[in-house]
Amino acid sequence: DELNLLMACTTLAYASCLRYMSTGSLNVSFSVVDYNGGYIDTYIMKKRTTDNELGFKAVEAVTDLPLQHNIEGQKVLKKCLAKYSLTFSQYREFVDRITEDGGRKNSTIQIDLTL
C-alpha cells in the first residue's frame, strides 16, 4: 500500500535526520536489541525508554514493510531523505528477532547517509 510505504519512509527519514544532527555521523543505526555475545549469539530485547524511543520508532516503521530488497521502497526513502538534503549509499536491515509465534522481525537498521 502506497500510504503505508510513504509513512514508513517518512518516519525512517525523520529519525535518520535527527540521529545525524545529534551525532554528526553519516552512518546511522537504530536497534531494538542488545547483543549478548557468547558461544551462541543471542539478542536481548531492549527495554523501551525515552532515550531509545527513536530507535524503536525507526525499526517499527519498517518491521512489516521491509525496504532492504524493495527497490520502489528505497526510491521513496530517497525522496523522503531529500527533504532533509540527505540520501543514502547503503541500507541494511538485520532480522535477528524471533517473535513468540516463530516469525522473524527486524531488530536493527543501518543506513549510510550521504549529503
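Here the structure is a predicted model, which means the values were calculated and not measured. (Residues numbered from 1 in each chain as written. Predicted model: local features only at pLDDT ≥ 70, side-chain atom pairs only at ≥ 80, totals over all residues. Heavy atoms only, no water.)

A.B. asks: Now, about the confidence of the model for the protein: what can you tell me, with residues and values included?
C.D. replies: Low pLDDT marks regions whose predicted coordinates should not be analysed in detail. Residue-level pLDDT values for the protein average 90, and 94% of them are 70 or greater. By mean pLDDT, the top-scoring element of the protein is helix α3 (residues 71–82) (97), and the lowest-scoring one is strand β5 (residues 97–98) (67). (pLDDT = per-residue confidence, 0-100. Helix = DSSP H or I, 4+ residues; strand = E, 2+ residues; numbered from the N terminus.)

A.B. asks: Account for the packing of aromatic side chains, with residues named and values stated.
C.D. replies: With the rule as written, the count across this model stands at 1 aromatic pair. Directly above the ring of Phe88 sits Lys78, whose terminal nitrogen or CZ lies 5.0 Å from the centroid. (Phe/Tyr/Trp six-rings, centres within 6.5 Å; stacked < 30°, edge-to-face > 60°. Lys NZ or Arg CZ within 6 Å of the ring centre and 35° of its normal.)

A.B. asks: Report on the nonpolar core, specifying residues and quantitative values.
C.D. replies: In globular proteins that are soluble, nonpolar side chains generally tend to be buried together. Membership of the largest hydrophobic core comes to 27 residues, with the highest contact counts inside it found for Leu12, Phe30, Leu67, Leu77, Tyr91, Ile109 and Ile111. For this core, the elements supplying multiple residues, two or more each, are α1 (2–23), β1 (27–31), α2 (53–61), α3, β4 (87–94) and β7 (108–114). With 7 residues, α1 is the single largest residue contributor to this core. When near neighbours in sequence (up to four residues on either side) are disregarded, Leu67 contacts Leu5, Cys9, Leu12, Val62, Gly73, Gln74, Leu77, Tyr91 and Glu93. (Core = buried A, V, L, I, M, F, W, Y, C linked by side-chain atoms within 4.5 Å. Buried < 20%, exposed > 50% of the residue type's maximum accessible area, 1.4 Å probe, protein only. Contact = heavy atoms within 4.5 Å.)

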